[in-house]
Each structure stands twice: as C-alpha cells, then as structure tokens.
Amino acid sequence: MKILQITNKPPYPDIDGGTIAVLNLTKGLALNGHEITILSMNTAKHRTCLSQIPDELRKVADFRFVDVPAHISMIRAALNLFFFR
C-alpha cells in the first residue's frame with residue numbers, strides 16, 4: 001500500500017517526541033511492506049535538507065519538503081488576537 005504522511009516539520013533530526021513518533025511509525029509501516037512518502041513543512045525554525053537525512057532512512061521513505069514562510073511577528077499576532085475573530 002502507498003502511504004502519504006503529512007507532517008508539520010521534518011521528522012529528522014529526531015530530537016523531540018513528535019519527530020521520534022513519526023520516524024517510528026514510518027519504520028514500522030515500511031517493515032510491513034508499505035511504500036511511504038513523507039511530505040513535511042520546512043520552516044525557518046525547523047529546517048532540514050535532504051542531504052542531512054541518513055541513507056538508511058532515505059531507503060525507508062521518500063522525503064519531500066515544502067518551504068513554508070511561517071514567520072510570526074508580535075504586531076500581527078496582536079492584530080489577529082483583537083480584530084480577526
């Protein structure tokens with residue numbers, strides 16, 4: 001079965017619970033014979049290049065990244081809080 005995983009940040013490096021969970025799920029699905037594609041938002045805070053992912057992980061899944069400009073400014077956050085409900 002072909003499976004598409006959509007994540008809010010790249011699952012590598014696995015430095016927090018969310019990324020560890022995504023990688024473990026991916027590995028488990030791949031061990032059961034599924035073809036995995038991971039589509040991740042690549043933001044300024046959580047930026048990863050395909051070259052940073054180890055080869056053994058790239059054999060498990062096809063990694064795709066979409067650059068998303070997710071910048072937060074205090075002024076826009078305050079305006080959103082007060083005027084856009």
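The present account deals with the structure reproduced in this document. (Residues numbered from 1 in each chain as written. Predicted model: local features only at pLDDT ≥ 70, side-chain atom pairs only at ≥ 80, totals over all residues. Heavy atoms only, no water.)

### Describing the side chain of Thr48
In this fold, Thr48 is placed in the loop between β2 (35-42) and α2 (55-60). For Thr48, a relative accessible area of 4% gives the class buried. Polar contacts involving the side chain of Thr48 include one to the main-chain carbonyl oxygen of Tyr12, which spans 2.9 Å. Contacts of Thr48, omitting those with residues within four sequence positions, involve Pro10, Tyr12, Pro13, Asn42, Ile53 and Phe65. (Helix = DSSP H or I, 4+ residues; strand = E, 2+ residues; numbered from the N terminus. Buried < 20%, exposed > 50% of the residue type's maximum accessible area, 1.4 Å probe, protein only. Polar contact = N/O pair within 3.5 Å; in protein donor to acceptor, adjacent residues only side chain to side chain. Contact = heavy atoms within 4.5 Å.)

### Observations regarding the nonpolar core
Ile3, Leu23, Leu29, Ile36, Ile38, Ile53, Leu57, Ala61 and Phe63 form the largest nonpolar core, which has 9 residues in total. Mapped by element, the contributors of at least two residues to this core are α1 (17-31), β2 and β3 (61-67). Look past the residues within four positions of Ile53 in its chain and what remains in contact with it is Tyr12, Thr48, Arg58, Phe63 and Phe65. (Core = buried A, V, L, I, M, F, W, Y, C linked by side-chain atoms within 4.5 Å.)

### Here we look at α1
Within an α-helix, residues lying three or four positions from one another point in the same direction, as the helix has 3.6 residues per turn. For α1, with 15 residues, the first-to-last C-alpha span of 21 Å sits near the 21 Å given by 1.5 Å per residue. Among the residues of α1, those classed as buried are Thr19, Val22, Leu23, Thr26 and Leu29. The buried residues of α1 all sit within an arc of 130 degrees when viewed along its axis, so they share a single face. Within α1, the exposed residues directed more than 90 degrees away from the buried face are Gly17 and Leu31. On its buried face, α1 is in contact with β1 (2-7), β2, α2 and β3. With its phi angle positive at about 90 degrees, Gly33 sits one or two positions after the end of α1. (Expected span 1.5 Å × (residues − 1). Arc of directions from axis to C-beta.)

### Regarding the side chain of Asn42
The topology assignment puts Asn42 in strand β2. Engagement of the side chain of Asn42 in a polar contact is seen with the backbone oxygen of Thr48, the distance being 3.0 Å. Beyond its immediate chain neighbours, meaning those up to four positions away, Asn42 contacts Pro10, Arg47, Thr48, Phe65, Val66, Asp67 and Val68.

### Side note on unusual backbone geometry
Note that the residue after Tyr12, namely Pro13, is joined by a cis bond; omega there is 5 degrees. Relative to the assigned elements, Pro13 resides in the loop between β1 and α1.

### Digging into the pairing of β3
Of the strand pairs in this sheet, β2 and β3 are connected by 7 bridges, and their pairing is parallel. In the strand pairing of β3, Asn42 is matched with Asp67. For the handedness criterion, the β-α-β arrangement of β2, α2 and β3 is classed as right-handed. (Pairing = 2+ DSSP bridges. Right-handed = clockwise from strand over helix to strand, strands pointing away.)

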